[in-house]
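If you want the building blocks of each chain, they are given just below.
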Amino acid sequence: MNALTVIFLAALGISIALQFWLAQRQIAHLGAHRDAVPAEFKADIPITDHRKAADYTQAKTRLNLYSLAWQSLILLAWTLGGGLETLDGIWRGFEITPLLEGTGFIVSALIISDFLEIPLALYATFGLEQRFGFNRMKPATFLSDFLKSLIIVLVIATPLTALILWLMSAAGPLWWIYAWGVFAAFSFASLILYPTLIAPLFNKFKPLCDPDLKKRIDALADKCGFVFKDIFVMDGSKRSSHGNAYFTGLGAKKRIVFFDTLIETLEGDEIEAVLAHELGHYKRRHVHKMLAASLGLSFIGFLILGWLAGESWFYSGLGVAIPSNHAALMLFAFVAPVFLVFLRPVISGVSRRFEYQADDFAATYSSGAALVRALVKLYRDNASTLTPDPVYSVFYHSHPPPPMRVAHIQSRSG
């Protein structure tokens, strides 16, 4: 057992223990506050809805623990258990070119990994979500989504993998810089193409057609100096009763999307306030900042991979006997997330800061009171807990806890 094996097992063990500890804190905290609605929400959220949110969040947290255990077992099976070594041997047996062999190895590993996630995905959708009344997905839709995802993996991952493997073999010692450039270009392309090419494969997007609401939105856009072609409504009700809204895309392809379930739930001024929040993300350049941070982190990752790929102990320490470019890529992709767990508080903290900034923007250009009413309705209808454990929240939540968020908006609204 070399030093990397010890480091990997120690990091995996610590990350698992940390996540189990955080989950147990969350479950206990939810149980302790299950029978008392926070004072600021008592007038709007009945105790029955509050209890449902606590039970639903506890159930999701427990499912996350099962998922963590299952994914950790899969990771050990792929690495120290010899899974990647076995798969590599199968592809070597075909006696094809190294580029085809490596591409086939990586794409098949990704596809197998997707199949291994099916049992938990089925339970999450048709067990947990169904039990709490949120699931609207039919088995045929689940199967269709899975098959479409596989096709996307084949269509996108195959040429991308082949290009990076070719660079690893042909571009010399600094191949990792060129590979990072390919990754960066792919990231930009994804932001531009996802809204118009990939997302419509799974959902229908229609321009908002309510004339009164469009008039309200046009006035808000003029006030904010925001130019857009359309606000889109997505058929989220096809899969779930959860409501949401999001901002996506860059440049001319940027768009704001409302779930149809959200449109059905909120009043006009509340929808305007939610839109103002999403516009706040754009005006404060949060998409650009998160992309820049992602590219910076990936640059460091490729730099480390460029070093590790030339070290024999990297392969032997993680269960692969024969070093290769494709094994280096797959090992790094599987193992790196173990260490990234410890960055979650930083990533979540930045995201929560962005949410506060977008709320400030909404309170300035729309109505803070309407935004609060919209959030309360969404908390209630989505069974979002009002009382998350503070430590758990620091690690996992991209949005501020409801009491803190509402208090912040109200302080900005006078």
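What comes next is a walk through the structure.

Calculation rules
Residues numbered from 1 in each chain as written. Predicted model: local features only at pLDDT ≥ 70, side-chain atom pairs only at ≥ 80, totals over all residues. Heavy atoms only, no water. Helix = DSSP H or I, 4+ residues; strand = E, 2+ residues; numbered from the N terminus. Buried < 20%, exposed > 50% of the residue type's maximum accessible area, 1.4 Å probe, protein only. Pairing = 2+ DSSP bridges. Axes fitted to C-alpha atoms, helices over the stretch in contact; angles between N-to-C directions. Contact = heavy atoms within 4.5 Å. 1 Å grid on protein atoms, 1.4 Å probe; cavity = no way out; pocket = protein on both sides within 12 Å on 5 of 7 lines; lining within 4 Å. Points joined across faces, edges and corners; volume = space filled by probe spheres on them. Phe/Tyr/Trp six-rings, centres within 6.5 Å; stacked < 30°, edge-to-face > 60°. Lys NZ or Arg CZ within 6 Å of the ring centre and 35° of its normal. Nonpolar A, V, L, I, M, F, W, Y, C, P; charged D, E, K, R; others polar. Patch = residues over 30% accessible without salt bridge, like charges linked within 9 Å, V, L, I, M, F, W, Y side chains within 5 Å. Areas by Shrake-Rupley, 256 points an atom, 1.4 Å probe, with all protein chains shown as cover. Salt bridge = Lys/Arg side-chain N within 4 Å of Asp/Glu carboxyl O. Polar contact = N/O pair within 3.5 Å; in protein donor to acceptor, adjacent residues only side chain to side chain. Core = buried A, V, L, I, M, F, W, Y, C linked by side-chain atoms within 4.5 Å. Expected span 1.5 Å × (residues − 1). Bend = angle between axes of the 7 residues up to and from the residue.

**A closer look at unusual backbone geometry**
Excluding glycine, a negative phi dihedral is what most residues carry, and trans is how most peptide bonds are arranged. A positive phi is found at Glu95, a non-glycine position, where the angle reads about 55 degrees. Turning to its location among the elements, Glu95 is positioned in the loop between α3 (83-92) and α4 (98-116). Since its relative accessible area comes to 72%, Glu95 is described here as exposed. At Arg285, a residue that is not glycine, the phi angle is positive and equals roughly 60 degrees. Along the chain, the position of Arg285 falls in the loop between α10 (268-283) and α11 (286-308). Residue classification places Arg285 among the partly exposed residues on the basis of a relative accessible area of 47%.

**Focus: the sheet that holds strand β3 (residues 245-248)**
Two modes of strand pairing occur in sheets, parallel and antiparallel, and in both the strands are linked by backbone hydrogen bonds. Sheet architecture is open: 4 strands sit in the order β1-β2-β4-β3, paired in mixed fashion. At either margin of the open sheet sits one strand with a lone partner, and together these are β1 (205-207) and β3. Pairwise comparison of adjacent strand axes, ignoring direction, gives a mean angle of 30 degrees for this sheet. Taken together, the 4 bridges between strand β2 (residues 231-234) and strand β4 (residues 255-259) define a ladder with parallel strand orientation. Note on β4: the bridge partner recorded for Met234 is Phe259. Packed on one face of the sheet, α10 meets β2, β3 and β4 and runs near 145 degrees to β4.

**What about empty space enclosed by the protein?**
Counted under the stated rule, the structure contains 2 cavities of 30 Å³ or more. Its boundaries defined by the atoms lining it, the largest cavity holds a volume of some 50 Å³. For the largest cavity, the full set of lining residues is Ile45, Asp49, His50, Ala53, Tyr379, Arg380, Ala383, Ser384 and Leu386. Secondary-structure elements contributing two or more residues to the lining of the largest cavity are α2 (47-78) and α15 (368-381).

**Some thoughts on the environment of Val335**
One can find Val335 in helix α13 (residues 325-340). For the pair Val335 and Arg239, spaced 96 residues apart in sequence, the C-alpha separation works out to 32 Å. Every residue in contact with Val335, bar those within four places of it in the chain, is listed here: Phe8, Thr79 and Leu318.

**What to know about the pairing of β2**
The side-chain alternation of β2 yields two buried faces, one formed by Ile231 and Val233 and the other by Phe232 and Met234. The pairing of β1 with β2 spans 3 bridges and is antiparallel. What sits directly across from Lys206, in β2, is Val233.

**Topic: the packing of aromatic side chains**
Within a pair of aromatic rings, the relevant descriptors are the distance that separates the centres and the angle that separates the planes. Under the counting rule described, the total for this entry stands at 14 aromatic pairs. Judged by centre distance (5.5 Å) and plane angle (70 degrees), the ring pair of Phe314 and Tyr315 falls under edge-to-face. By relative accessible area, which is 4% here, Phe314 ends up buried. The ring of Phe202 has Lys148 sitting right over it, with the charged end atom 5.8 Å from the ring centre.

**Comments concerning the layout of surface pockets**
As a volume, the second largest pocket reaches approximately 1200 Å³. Around the second largest pocket sit 36 residues that line it, and Phe302, Leu329, Phe332, Ala333 and Ala336 are the ones nearest its centre. Listing elements by their share of the lining of the second largest pocket, those giving two or more residues are α4, α6 (139-170), α7 (175-198), α11, α12 (312-316) and α13. Its residues placed into classes, the lining of the second largest pocket shows 32 nonpolar, 4 polar and no charged.

**Some points on a nonpolar patch on the surface**
Taken together, the side chains of Leu174, Ile177, Tyr178, Phe299, Ile300, Ile304, Trp307 and Trp313 define a hydrophobic patch exposed on the protein surface, amounting to about 750 Å² of accessible area. Looking at the nonpolar patch, the elements that each hand over two or more residues are α7 and α11. Relative to the helices and strands, Ile304 is located in helix α11.

**Concerning the side chain of Thr57**
Tracing the sequence through the fold places Thr57 in helix α2. On the accessibility criterion, Thr57 (9% relative accessible area) is buried. At a separation of 2.7 Å, a polar atom in the side chain of Thr57 contacts the main-chain carbonyl oxygen of Ala53. In contact with Thr57, other than residues within four places in its own chain, are Gln26, Leu30, Ala383 and Thr385.

**Description of the nonpolar core**
One finds Phe41, Phe258, Leu275 and Leu279 to be the most contacted residues of the largest nonpolar core, which totals 43 residues. Mapped by element, the contributors of at least two residues to this core are α8 (211-224), β2, β3, β4, α10, α14 (344-365), α15 and α17 (402-412). Tallying contributions element by element places α15 first for this core, with 8 residues. For Phe258, the residues in contact, after removing those within four places along its chain, are Ile231, Phe232, Val233, Met234, Asn244, Ala245, Ile263, Ile271, Val274 and Leu275. Of all hydrophobic cores here, the second largest spans 39 residues; its members include Leu87, Phe105, Ala328 and Phe332.

**Remarks on helix α5 (residues 118-131)**
With 14 residues, α5 should cover 20 Å at 1.5 Å per step; its first-to-last C-alpha distance of 19 Å lies within 8% of that length. The largest bend in α5 comes to about 35 degrees, at Ala124. Among all positions in α5, only Ile118, Leu120, Thr125, Gly127, Leu128 and Glu129 are buried. Tucked inside the fold, the buried residues of α5 contact α2, α4 and α6. Gly133, located one to two residues past α5, shows a positive phi value of around 80 degrees.

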